[in-house]
Amino acid sequence: MNKPCFLITIDTEGNNGRAGSRLATTKDARYLERFHDLCESYGLRPTYLTNREMAECPVFKGFAGWVLARGVGEIGMHLHAWDTPPIAHITDDDRRCRLYLSVYPERVLREEIRTLTGILEDTFGVKMLSHRAGRWDFDERYASLLLEAGYCVDCSVEPRWYWPGNGSSPARRGGPDDGTYPAEAYWVDLQDISRAGDSPLLEVPMTILPNRRTALRSLSDTLRQLPGPLQALTEPVWRVCDWVTPPGRWLHPNGNNGVELLEIVEQVLAAGLSYAEITLHTSELELGGSRTSQSVAGIERLLDGLAVLFSAIRGRFRGVTLTEFHAEIMSRKIEPSESPSG
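The structure displayed is predicted, hence computed values, not measured ones.

Caption draft 1: Region of interest: the pattern of salt bridges. What the rule picks out here adds up to 17 salt bridges. Residue D11 is joined to R132 by a salt bridge in which the shortest nitrogen-to-oxygen separation is 2.7 Å. One end of the pair, D11, is in strand β1 (residues 5-12); the other, R132, is in strand β4 (residues 130-133), and 121 residues separate them in sequence. Given the relative accessible area of 0%, R132 is considered buried. For D139, the salt bridge identified is with R141, shortest N-O distance 3.5 Å. Note on R141: relative accessible area 24%, which makes it partly exposed. Because the salt bridges share partners, they merge into one network encompassing D11, R132 and E277.

Here's what the structure looks like:
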């Protein structure tokens with residue numbers, strides 16, 4: 001039996017992009033080489049999902065050229081609609097609001113995808129095939145536009161997860177809700193991206209496994225199934241429940257969750273899943289760039305934890321990029337109807 005794949009997907013973006021600042025710096029690019037060396041020493045092949053400001057950063061351009069020339073990783077696309085031309089002004093200050101992609105008109109999204117794809121391909125000299133949506137916001141229009149632009153694999157879905165109250169959108173309350181989406185790779189149904197279909201776009205959902213069942217977890221799930229007005233009325237209760245016991249456990253290292261990460265990969269192996277997918281933001285590798293990297297000790301804990309995780313999976317998983325994983329699925333000749341959806 002083939003070993004499952006291990007995917008490392010990095011949101012490669014300027015820092016301050018999620019902190020309410022109007023200016024995103026690219027200092028985090030300086031911290032990538034050490035992280036990549038760690039991955040490469042364990043035979044792992046990161047996919048750097050890159051936004052506009054990082055594509056224009058001289059430090060990142062040098063790093064990405066080094067990765068691509070040696071064939072040890074992949075550059076994909078990561079779109080933030082608020083700073084990718086043509087800029088469409090939905091609010092008085094879209095950059096501060098960090099608007100979700102789904103609130104933008106289709107014509108704007110099409111042009112922004114075309115613009116950023118062109119920047120990335122011209123800068124790095126390779127075709128863009130892999131993608132993750134900014135703020136994880138993905139819908140049917142966007143999936144169709146990605147196919148139109150030549151993309152073959154996406155990793156924007158967060159199974160078992162939702163973002164209550166996380167929205168700065170003028171059009172809706174809260175963020176993406178992927179709670180019922182498939183947890184394994186599937187060919188997207190362009191009429192309903194929450195289910196498998198027959199399009200040529202492969203969705204590779206984040207590895208988010210069910211959290212332990214607790215009374216609070218059950219209460220939150222029950223309250224979220226109530227009709228809209230009642231759900232809104234009980235929101236303070238289920239928000240507290242979610243804070244204490246989140247809906248899922250992410251394969252997302254933070255320097256303090258090493259035991260949980262090891263448990264997740266063991267669950268992936270026990271369940272016979274085809275892959276595990278880890279995610280990070282480049283800002284989490286930068287000193288002072290995130291809540292968990294405010295000190296040198298914090299960064300060392302993160303990298304040490306990754307080394308322990310990578311050591312634990314050595315020989316049990318195979319390191320691949322997103323596009324390489326897509327090629328493997330294609331080579332197995334899996335029909336859309338056979339795509340796992342559990």
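Caption draft 2: Main features of unusual backbone geometry. The linkage connecting P85 with the following residue, P86, adopts the cis geometry, with an omega of 0°. Looking at the element boundaries, P86 is found in the loop between β3 (74-79) and α4 (94-97). In the Ramachandran plot, R135 falls in the positive-phi region, its phi being about 60° despite a non-glycine side chain. Here R135 lies in the loop between β4 and α6 (140-148). When its relative accessible area of 22% is taken as the criterion, R135 is described as partly exposed. Located in the positive-phi region is W136, a residue other than glycine, with phi close to 65°. Among the secondary structure elements, W136 is positioned in the loop between β4 and α6. Classification of W136 as buried rests on a relative accessible area of 8%.

Caption draft 3: Region of interest: the nonpolar core. Core analysis: the largest hydrophobic core is formed by 66 residues, its most contacted members being F6, I8, F35, F60, Y104, L306 and F310. Top element by residues in this core is helix α11 (residues 296-313). It accounts for seven residues. Contact partners of F35, with chain neighbours within four places excluded, come to I8, I10, P46, Y48, L280, L285 and L306.

Rules of the game
- Residues numbered from 1 in each chain as written.
- Predicted model: local features only at pLDDT ≥ 70, side-chain atom pairs only at ≥ 80, totals over all residues.
- Heavy atoms only, no water.
- Salt bridge = Lys/Arg side-chain N within 4 Å of Asp/Glu carboxyl O.
- Helix = DSSP H or I, 4+ residues; strand = E, 2+ residues; numbered from the N terminus.
- Buried < 20%, exposed > 50% of the residue type's maximum accessible area, 1.4 Å probe, protein only.
- Core = buried A, V, L, I, M, F, W, Y, C linked by side-chain atoms within 4.5 Å.
- Contact = heavy atoms within 4.5 Å.

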